[in-house]
Each structure stands twice: as C-alpha cells, then as structure tokens.
Amino acid sequence: PPLGARPVARRRQRLLGLRNSGSPAAELQLAGGDKERPLPWPSPALREVAAQLRGRGFVVVDAFCGVPTALELHAGIARLEMKRGHLGDEGVRSDVLRGDSVAWPEADEHTAFGIALMRWQSALDALVAALRPLLSRPGELAGVRAREPAMASCY
C-alpha cells in the first residue's frame, strides 16, 4: 500500500465505528438496505470528522450517502458528457493550465440519478451544518451558508 494509506485506513475505520456505534439504522444502511435516510451523525463521529478536516484537510467517509445512492451516483456520473475545462467566463481553453474534463449534472427529481444527486447534496448540506459549530475558526465552515452546484471532474 502507498506510504500514507495505513493512517487513512485507520482513520476511516475509527470514523465508521464512531458513526455506526450500534445504531440499527446505520447497520442497515451500511448493508445497502435503507436508501432513504442518511446515516446519523453522533457527536463523537462529528468531532472525529472535524478533527480530521482540521488536521489533514480531508476526511474519508465510508457509506456517506448509503450504498444504493452511491451506486446510482456512480452509474449516473459515468453517463455524463464530459467537456474540456476552461478558464473564466469567456471559455478560454488551455491544456497547460487546465487539462481536466468537467460536467455539471442536473438534480432532476424525475430520474434515478437526479434523485440520488439530491440525496447526496442533502446529506452533504446536513453534515456541513452539523460541523459549523465545531469548525468555527476563520477560513473553516462557520461562514459557509451556500454551495455551488455539483460538478463532476476528471483529471
């Protein structure tokens, strides 16, 4: 495994244990059985997420939006028409400065992918709201009250 993989794996397991903490709803969703409700965020799990974000700048959350939603997101993103990224509103392209491809998926409530996208965004919004009090330093989440539309990118 890569040099930093073991510490990340340990943090993932710790967070999953804190998040699950004996909750039948959490165990059901981890098994893929409940796609309607996001996993609960007990206080110890929120504190662990905040600590990892503050300490490392990222956190890996297994089963964030549930297995069925994650599978639908994966399938829907694979079907998106990716376009070359550009610089600024004028659409200037530069392979040197920007070599990625992007797509802006629509959260359409009439498609399985759109519903999955809305569930993921809702779970993300709820997590950000729950983390605000724990990440209240300048430059953290305290001032975050909105987000940009979802974007898929391939580097």
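This text goes with the structure placed above it.
Here is a short report on the structure shown in this document. Here the structure is a predicted model, which means the values were calculated and not measured. (Residues numbered from 1 in each chain as written. Predicted model: local features only at pLDDT ≥ 70, side-chain atom pairs only at ≥ 80, totals over all residues. Heavy atoms only, no water.)

Counting residues in hydrophobic clusters, the biggest one holds 20 residues, and the most contacted among them are Leu 15, Trp 41, Phe 64, Leu 73, Leu 127 and Leu 131. Elements represented by at least two residues in this core include exactly helix H3 (43-56) and helix H5 (112-131). Considering each element in turn, this core owes the most residues, seven residues, to H5. Apart from residues no more than four positions distant in its own chain, Leu 15 is found in contact with Trp 41, Ala 45, Glu 48, Val 49, Gln 52, Val 59, Val 60 and Val 61. (Core = buried A, V, L, I, M, F, W, Y, C linked by side-chain atoms within 4.5 Å. Buried < 20%, exposed > 50% of the residue type's maximum accessible area, 1.4 Å probe, protein only. Helix = DSSP H or I, 4+ residues; strand = E, 2+ residues; numbered from the N terminus. Contact = heavy atoms within 4.5 Å.)

With antiparallel pairing, the three strands of this open sheet are ordered in space as S1-S2-S3. Edge positions in the sheet fall to strand S1 (83-84) and strand S3 (152-154), since each of these pairs with one other strand and no more. Inspection of the sheet shows S1 paired to strand S2 (residues 101-103) by two bridges, in the antiparallel sense. Considered in S2, the bridge of Lys 83 is made with Val 102. (Pairing = 2+ DSSP bridges.)

This paragraph deals with helix H1 (residues 5-20). Taking 1.5 Å per residue as the helical rise, H1 with its 16 residues ought to reach 22 Å, and the 22 Å between its terminal C-alpha atoms agrees with that figure. Along H1, the positions that sit buried rather than exposed are Val 8, Arg 11, Leu 15, Arg 19 and Asn 20. Looking down the long axis of H1, one finds its buried residues gathered within 155° of arc, a one-sided arrangement. Counted as exposed and oriented over 90 degrees from the buried face of H1: Arg 6, Arg 10 and Gln 13. Once H1 ends, the next one or two residues include Ser 21, with phi positive near 30°. (Expected span 1.5 Å × (residues − 1). Arc of directions from axis to C-beta.)

Assignment of secondary structure puts Asp 100 in the loop between S1 and S2. A relative accessible area of 3% places Asp 100 in the buried class. The contact partners of Asp 100, leaving out residues within four places of it in the chain, are Lys 83, Arg 84, Gly 85, Ser 153, Cys 154 and Tyr 155.

Taken N-terminus to C-terminus, the directions of H1 and H3 make an angle of 155°; their axes are 8 Å apart at the nearest point. Taken as axis vectors, H1 and H3 run roughly antiparallel relative to one another. As for how H1 packs across H3, the hand of that crossing is left-handed. Here Arg 11, Arg 14, Leu 15, Leu 18 and Arg 19 of H1 come into contact with H3, specifically with Pro 44, Ala 45, Glu 48, Val 49, Gln 52 and Arg 56. Considering only residue class, the contact of H1 with H3 consists of five nonpolar, one polar and five charged. (Axes fitted to C-alpha atoms, helices over the stretch in contact; angles between N-to-C directions. Parallel < 35°, antiparallel > 145°, perpendicular 65-115°, else oblique. Left-handed = near helix turned anticlockwise from the far one by under 90°. Nonpolar A, V, L, I, M, F, W, Y, C, P; charged D, E, K, R; others polar.)

Turning our eyes to something else, we now look at the environment of Leu 135. Among the structural elements, Leu 135 can be located in the loop between H5 and S3. By relative accessible area, Leu 135 is classed as buried at 4%. Sequence-wise, Leu 135 and Ala 51 are 84 residues apart; in three dimensions their C-alpha atoms are separated by 8.8 Å. When sequence neighbours within four positions are dropped, the list of residues in contact with Leu 135 reads Ala 50, Leu 53, Arg 54, Glu 140, Leu 141 and Ala 142.

Further remarks concern helix H4 (residues 67-79). For H4, which comprises 13 residues, the first-to-last C-alpha distance of 19 Å matches the rise-based estimate of 18 Å (1.5 Å per residue) to within 8%. Residues of H4 that are buried: Thr 69, Leu 73 and Gly 76. The arc that holds every buried residue of H4, seen down its axis, measures 70°, which confines them to one face. More than 90 degrees from the buried face of H4, the exposed residues found are Leu 71, His 74 and Ala 78. Summarising the contacts, the buried residues of H4 are in contact with H5.

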